[in-house]
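Descriptive analysis of the structure
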Amino acid sequence: MASIVEMVDNYERFRRDVLSLQASENFICSHVKMALGTDLGGRYSHVMPDGRNAYGGTDMIEGIFRESEKNVKTLYGAKYAEIRPLGGHIAAEISLLSTIDKNDTIMAIGEEHGGYTGYMNDYLPAMLSFKTELIPFSDQKQEIDYDALEKKVLEIKPKVMVLGQSFVVKHYDLARVREICDRTGSKLLYDGSHVMGLIAGKKFQPDALKYSDILFGSTHKTFFGPQGGIILTNDPDLNDRIKGNVVWKTMDNYHPNRIAALGIAAQDLITFGESYAGWVTSNSYTLARTLNDSGIAVNNSPWYTESHQILLSKDNFGKYGDFRTISTKLGNNRLIADAEGRIGTAEITRIGLTDMVSLGEVVADAIKGKDVRSRVTEILRSTNVKFCR
Ligand SMILES: *Cc1c(COP(=O)(O)O)cnc(C)c1O
């Protein structure tokens, strides 16, 4: 049995030889990794309610924290940022704790329409004693049914409306949802977990913070990593409540190495975000069109997608197997994609791939059962990491 050190070494080698099309992941630049691997990863810094730090040797850690927080605020043009959450889920939990009371009702998009499972009644609602009602949503159009939503909101008067999906290919009409929420005084939360990097690059839902009370999400899907979560708001009262729901409620230590890495990644997004997000969205469209033209059915023809995600159609099941089978076939060819029918373009864009027609043909052939390993090797040879300082 290999030691874990050897196993990790092997894993790193494995990763160098695969092409990742996973929609909810990203890789981290070497200077972001560097921060994760420092002494900071074994430390605490904890400013107590009275303002004094409970630990020693913390001055530089606090300096790094302030810089990282500043970068995140700059990136989104936000007045306030909470950068400690350990993931998008914890960011959601903190945001909800800051906006609802026990027995309140919220609205969210159902998981059958690509909404996040955490908002379904068995999960966060069961744990925090609230209830979720579903936002009317059309799969056909990949759109909220705004008229039906308005009716339902007036009837239910939800305390909070959470937008955002794990399967996300289209913007919302946020101005319209804001108007609806204002009729009942409902708070509007935007869970941008999948698209935080694209929002930062102003290429997907650039008005997310403008129209919502809180924008939150993961820092490792389209954002440049490391794994974590952030919460943004322009409302001072909400900010106070958010800050009060972190330490000793949803978490304690925030992992200072991760905060340093986050600040570095945020700086890269400040520098490269717009160019990155532009390439991601154009790559998604061309890759989707190529797959569809090659006989792999993609949802939402002819526009396909406005994000980093491509949603494969269940119409493929008869010919090519279910999403699990498709993921396995891709994996056998060193192409990594999830078993949910999503193809993502964040990573391939960051390694500089722009020829989505060639890539699409390779992916399509793999799904059809061909051996494309040598073609994948050839593509990997042409890559060149971009958008890292
Ligand atoms: C991934 C995801 C989350 C959870 O994020 P983690 O960073 O994995 O905790 C929450 N909401 C949505 C919409 C997601 O896609």
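Residues numbered from 1 in each chain as written. Predicted model: local features only at pLDDT ≥ 70, side-chain atom pairs only at ≥ 80, totals over all residues. Heavy atoms only, no water.

**A few points about the environment of Trp-279**
Topologically, Trp-279 is positioned in helix H11 (residues 256–293). As for Trp-279 and Asp-122, which are separated by 157 residues in sequence, their C-alpha atoms are 38 Å apart. The residues contacting Trp-279, other than those within four sequence positions of it, are Thr-349, Thr-354, Lys-386 and Phe-387. (Helix = DSSP H or I, 4+ residues; strand = E, 2+ residues; numbered from the N terminus. Contact = heavy atoms within 4.5 Å.)

**As for helix H3 (residues 59–76)**
Along its 18 residues, H3 runs 26 Å from first to last C-alpha, staying within 8% of the 26 Å computed at 1.5 Å per residue. Of all the positions in H3, only Ile-61, Glu-62, Phe-65, Ser-68, Glu-69, Asn-71, Val-72, Leu-75 and Tyr-76 are classed as buried. Considering only its buried residues, H3 is in contact with strand E2 (80–82), helix H8 (196–200), helix H9 (208–211), strand E9 (214–218), strand E10 (229–233) and H11. Just downstream of H3 lies Gly-77, where phi reads positive at about 60°. (Expected span 1.5 Å × (residues − 1). Buried < 20%, exposed > 50% of the residue type's maximum accessible area, 1.4 Å probe, protein only.)

**Some thoughts on the site of the ligand**
Every residue close to the ligand is listed here: Gly-87, Gly-88, His-89, Tyr-116, Gln-165, Ser-166, Asp-191, Ser-193, His-194, Ser-218, His-220 and Lys-221. Take His-89: an N or O atom from its main chain is 2.8 Å from an oxygen atom of the ligand. Residue classes in the shell around the ligand are distributed as one nonpolar, nine polar and two charged. (Near = heavy atom within 4 Å. Polar contact = N/O pair within 3.5 Å; in protein donor to acceptor, adjacent residues only side chain to side chain. Nonpolar A, V, L, I, M, F, W, Y, C, P; charged D, E, K, R; others polar.)

**Let's talk about the domain arrangement of the protein**
Looking at the protein, the domain boundaries give domain 1 (30–267) and domain 2 (273–381). Relative placement of domain 1 and domain 2: their C-alpha centres are 28 Å apart. At the junction of the two partners, domain 1 supplies 21 residues and domain 2 supplies 20 residues. Of the roughly 1,700 Å² buried where domain 1 meets domain 2, counting both sides, 62% is carbon and sulfur surface. Among the residues of domain 1 in contact with domain 2, Phe-167, Val-169 and Phe-224 are the three that bury the most area, contributing 36% of the side total. Across the pair Glu-274 and Lys-202 runs a salt bridge, and its minimum N-O distance is 3.8 Å. Per-class residue counts for the side of domain 1 that touches domain 2 are seven nonpolar, eight polar and six charged. (Domains from an automatic or database assignment. Buried area = accessible area lost by both parts, 1.4 Å probe. Salt bridge = Lys/Arg side-chain N within 4 Å of Asp/Glu carboxyl O.)

**As for the pairing of strand E7 (residues 160–163)**
Residue alternation in E7 divides its side chains into two sets, Val-160 and Val-162 and Met-161 and Leu-163, and both sets are buried. Sheet analysis places strand E3 (residues 105–108) next to E7, joined by three bridges and oriented parallel. Following the sheet pairing, Ile-106 is matched in E7 by Val-160. Bridge analysis of E7 against strand E8 (residues 187–191) gives four bridges, and the strand direction is parallel. The partner of Met-161 across the bridge, within E8, is Leu-188. For the crossover from E7 across helix H7 (residues 174–184) to E8, the handedness is right-handed. (Pairing = 2+ DSSP bridges. Right-handed = clockwise from strand over helix to strand, strands pointing away.)

**Observations regarding the packing of H3 against H11**
Following both chains from N to C, one finds H3 and H11 inclined at 35°, their axes separated by 8 Å at the closest point. Considering how the two elements wind past one another, H3 and H11 form a crossing that is left-handed. Contacts between H3 and H11 involve Ile-61, Ile-64, Phe-65, Ser-68, Asn-71, Val-72, Thr-74 and Leu-75 from the former and Pro-256, Ile-259, Ala-260, Leu-262, Gly-263, Ala-266, Gln-267, Leu-269 and Ile-270 from the latter. Class assignment for the residues of the contact of H3 with H11 results in twelve nonpolar, five polar and no charged. (Axes fitted to C-alpha atoms, helices over the stretch in contact; angles between N-to-C directions. Left-handed = near helix turned anticlockwise from the far one by under 90°.)

**So, the nonpolar core**
Tyr-76, Leu-96, Met-161, Leu-163, Tyr-190 and Phe-223 are the most contacted members of the largest nonpolar core, which totals 81 residues. Per-domain counts for this core show at least three residues from each of domain 1 (30–267) and domain 2 (273–381). Discounting residues that sit within four places of it in the chain, Tyr-76 has contacts with Met-196, Gly-197, Ile-199, Ala-200, Leu-209, Leu-215, Phe-223, Ile-230 and Leu-232. Counting 32 residues, the second largest nonpolar core, distinct from the first, contains Leu-287, Ile-310, Leu-330 and Ala-364. (Core = buried A, V, L, I, M, F, W, Y, C linked by side-chain atoms within 4.5 Å.)

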